[in-house]
Amino acid sequence: MNTPSLTIRPLGYSDLPQVIAIERRAFPTPWSLAMFLLELSKASGVCLAAIEERRIVGYLVCSRYADVWHLMNIAVDPPARCRGIGTALLEEMIARAGNDASYTLEVRPSNSPAIALYERFGFRSAGTRRRYYQDTGEDAVIMWRTAETASTPSASG
């Protein structure tokens, strides 16, 4: 759950050293600095930082393509997981981009905590991308959230 000390704000260039450090702890194939710079340079994107005690504990990068939002990257620092930070980031993304907007993302089928989080927000599986993840050759589950499937997370989220 949202802790009283958690703040969600726009992600800035000066946040990138902390973001890269979390990215490396959170993912087997982390994004490069150039990938984050590219996404932050897009005026239409929603890039957020979750701050706790003046430290970044999570972040989210969502880009707009035509009339669809693509959740490109979301991460919570491993020691800070299971405290509602991912939920808070998704809530803020939807508040900024619109509850009735369409969203898509890819997620590893082995990442059941992430899939459960997305499902609480109304994302539904819509197929797979074969061998999407280069590090393992794992497929990706493609998930979509539309106005018809939109939901708000349960209190346990």
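Asker: In this structure, what is going on with the nonpolar core? I would like to understand it.
Answerer: Side chains that are nonpolar tend, in soluble globular proteins, to be buried together. Ranked by internal contacts, the top residues of the largest apolar core, which has 31 residues, are L60, L71, L90, M93 and Y118. Residue assignment for this core shows that the elements contributing at least two residues are strand 2 (46-52), strand 3 (55-65), strand 4 (68-76), helix 3 (85-97), strand 5 (102-107), helix 4 (112-120) and strand 7 (140-145). At 7 residues, helix 3 tops the list of elements feeding residues into this core. Excluding anything up to four places from it in sequence, M93 contacts V46, L48, L60, C62, L71, G98 and Y103. Within the second largest apolar cluster, 16 residues are counted, among which are V19, I20, A26 and I51.

Asker: How should I be thinking about the pattern of salt bridges in this particular structure?
Answerer: Pairing between side chains of opposite charge can happen when the charged atoms of each approach one another. Taken as a whole and judged by the stated rule, the model has 9 salt bridges. D77 is the salt-bridge partner of R55, the closest N and O atoms lying 3.5 Å from each other. With a gap of 22 residues between them, R55 in strand 3 and D77 in the loop between strand 4 and helix 3 connect regions that are remote in the sequence. What makes R55 partly exposed here is its relative accessible area of 40%. R129 serves as the salt-bridge partner of E106, at 3.0 Å between the closest nitrogen and oxygen. Of this pair, E106 sits in strand 5 while R129 sits in strand 6 (residues 124-129); the two residues are 23 residues apart in sequence, bridging distant segments of the chain. Residue class for R129 comes out partly exposed when judged on its relative accessible area of 36%. Taken together, the shared-partner salt bridges in this structure form one network comprising R25, R55 and D77.

Asker: Just checking my understanding: could you explain the packing of helix 3 against helix 4 for this structure?
Answerer: Each pair of packed helices can be summarised by the angle the axes make with each other and by the distance between the axes. One can describe the packing of helix 3 onto helix 4 by two numbers: an axis separation of 11 Å at closest approach and a directional angle of 40°. With respect to each other, helix 3 and helix 4 are oriented oblique. Here helix 3 and helix 4 pass one another in a crossing that is right-handed. Across from G86, T87 and L90 in helix 3, the residues of helix 4 making contact are L117, Y118 and R120.

Asker: How do you make sense of the packing of helix 1 (residues 16-26) against helix 2 (residues 33-40) when you look at a structure like this?
Answerer: Taken N-terminus to C-terminus, the directions of helix 1 and helix 2 make an angle of 125°; their axes are 11 Å apart at the nearest point. As far as their axial angle goes, helix 2 and helix 1 are oblique. Note that helix 1 runs across helix 2; the crossing there is right-handed. Contact with helix 1, carried on its side by L16, V19, I20 and E23, involves L33, F36, L37 and L40 of helix 2 and no other residues of that element.

The rules behind the values
- Residues numbered from 1 in each chain as written.
- Predicted model: local features only at pLDDT ≥ 70, side-chain atom pairs only at ≥ 80, totals over all residues.
- Heavy atoms only, no water.
- Core = buried A, V, L, I, M, F, W, Y, C linked by side-chain atoms within 4.5 Å.
- Buried < 20%, exposed > 50% of the residue type's maximum accessible area, 1.4 Å probe, protein only.
- Helix = DSSP H or I, 4+ residues; strand = E, 2+ residues; numbered from the N terminus.
- Contact = heavy atoms within 4.5 Å.
- Salt bridge = Lys/Arg side-chain N within 4 Å of Asp/Glu carboxyl O.
- Axes fitted to C-alpha atoms, helices over the stretch in contact; angles between N-to-C directions.
- Parallel < 35°, antiparallel > 145°, perpendicular 65-115°, else oblique.
- Left-handed = near helix turned anticlockwise from the far one by under 90°.

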